[in-house]
Amino acid sequence: MDTRRLAYFVKIVDSGSITKAAAALHVAQPALSQQVSALEKDLKQRLLIRSKQGVSPTAAGHTLYRHAQTILRLVEQARLDVSDSGAAPSGRVSIAIAPYSMASALTPRIMGEVSRRYPDIVLHLTEIYGGVLSDAIRNGRLDMALIYEPGPIRGVQFTTLSIEELYLVVNSKRVSEAVAESGVTTLEEASHLGMILPEQNHTLRQIVEEGFRGKGLELKLVGEVESSPTLRQLLRADLGATILPRSAAESLFDDEDFAFLRITDPAISCKIALCTPDHEPLSEAASAVLRILNEMFHEMLTENGLQ
């Protein structure tokens, strides 16, 4: 299949008009129409619906458009990789890091280490939630993510890095000296507290809810918060409690105002995973960052006695 025709087709769909696409590509409109006809003949499918308002893709056209974007990205990446062969990795690498996870504590170290080893790589760091993760990685807006593992999602693959038990995090004023010394609480005891958790599409929230349901307990939700500083302020003001992995709790609540209690009866755990696309290889720059992430994450696990 001619990649030039695919590029023309993508431009037409993006423009919504063969006339506009022809002007942008500096190609005669009849010649552009012929390229589309050749694609339709090759694939034996009608790809565009033409109207007075312009053109829109058919179901087959949508499918081709999606694959064409992937093919064109791979071709461009191949050109860049070949031209840069032997040179230090460079370019933009986008990483999503789950809020309320130990991975968030790695952000300064990730940036510093990538800058030291690969000064020509520009990191784009963001926080993201499971509901949009699949589309973001499938469409190439993200290279990789360090997140709570949500289970199978089409178009991406997960590599489990660690499994952590969840802890109740609460204002220390609410905890007796005996409980603080034991360092444990039951899920039933935790159910008497008002909980401040991330919203429904966050994997951590789903894990907590499943734990409560499995024990036949009611989750008393008093607030949904996506901001770590805000969560910290609310718990300091004793307006609720939350549930996090121990490593994340220690990273976010690092002073004596807070108590961490391991949840038992039953214990609840979560998986921290590296998420990457399963349909195309990472760029040279993204692969270099991936190696650093693996090194740093395992080093952090070792430091925290989780490995």
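This report concerns the structure included in the present document. (Residues numbered from 1 in each chain as written. Predicted model: local features only at pLDDT ≥ 70, side-chain atom pairs only at ≥ 80, totals over all residues. Heavy atoms only, no water.)

**Concerning the packing of helix 2 (residues 18–25) against helix 3 (residues 29–43)**
Okay, so step 1: Orientation of helix 2 relative to helix 3, taken along the N-to-C sense of each, is 110°, at an axis distance of 9 Å. As summarised for this structure, helix 2 and helix 3 are arranged roughly perpendicular, according to the angle between their axes. The hand of the helix 2/helix 3 crossing is right-handed. Counting all contacts with helix 2, which are made through Ile18, Thr19, Ala21, Ala22 and Leu25, the residues of helix 3 involved are Gln29, Leu32 and Ser33.
Okay, so step 2: When the residues that make up the contact of helix 2 with helix 3 are grouped by side-chain class, the tally is five nonpolar, three polar and no charged. (Axes fitted to C-alpha atoms, helices over the stretch in contact; angles between N-to-C directions. Helix = DSSP H or I, 4+ residues; strand = E, 2+ residues; numbered from the N terminus. Parallel < 35°, antiparallel > 145°, perpendicular 65-115°, else oblique. Left-handed = near helix turned anticlockwise from the far one by under 90°. Contact = heavy atoms within 4.5 Å. Nonpolar A, V, L, I, M, F, W, Y, C, P; charged D, E, K, R; others polar.)

**Quick look at the pairing of strand 12 (residues 269–277)**
Okay, so step 1: Burial analysis of strand 12 places seven of its nine residues in the buried class, which makes it a mostly covered element.
Okay, so step 2: Pairing of strand 5 (residues 144–148) with strand 12 involves four bridges; the strand directions are antiparallel. Looking across to strand 12, one finds that isoleucine 147 is bridged to alanine 273.
Okay, so step 3: Of the strand pairs in this sheet, strand 6 (residues 156–171) and strand 12 are connected by nine bridges, and their pairing is antiparallel. (Buried < 20%, exposed > 50% of the residue type's maximum accessible area, 1.4 Å probe, protein only. Pairing = 2+ DSSP bridges.)

Limitation: the analysis is restricted to geometry and does not speak to function.
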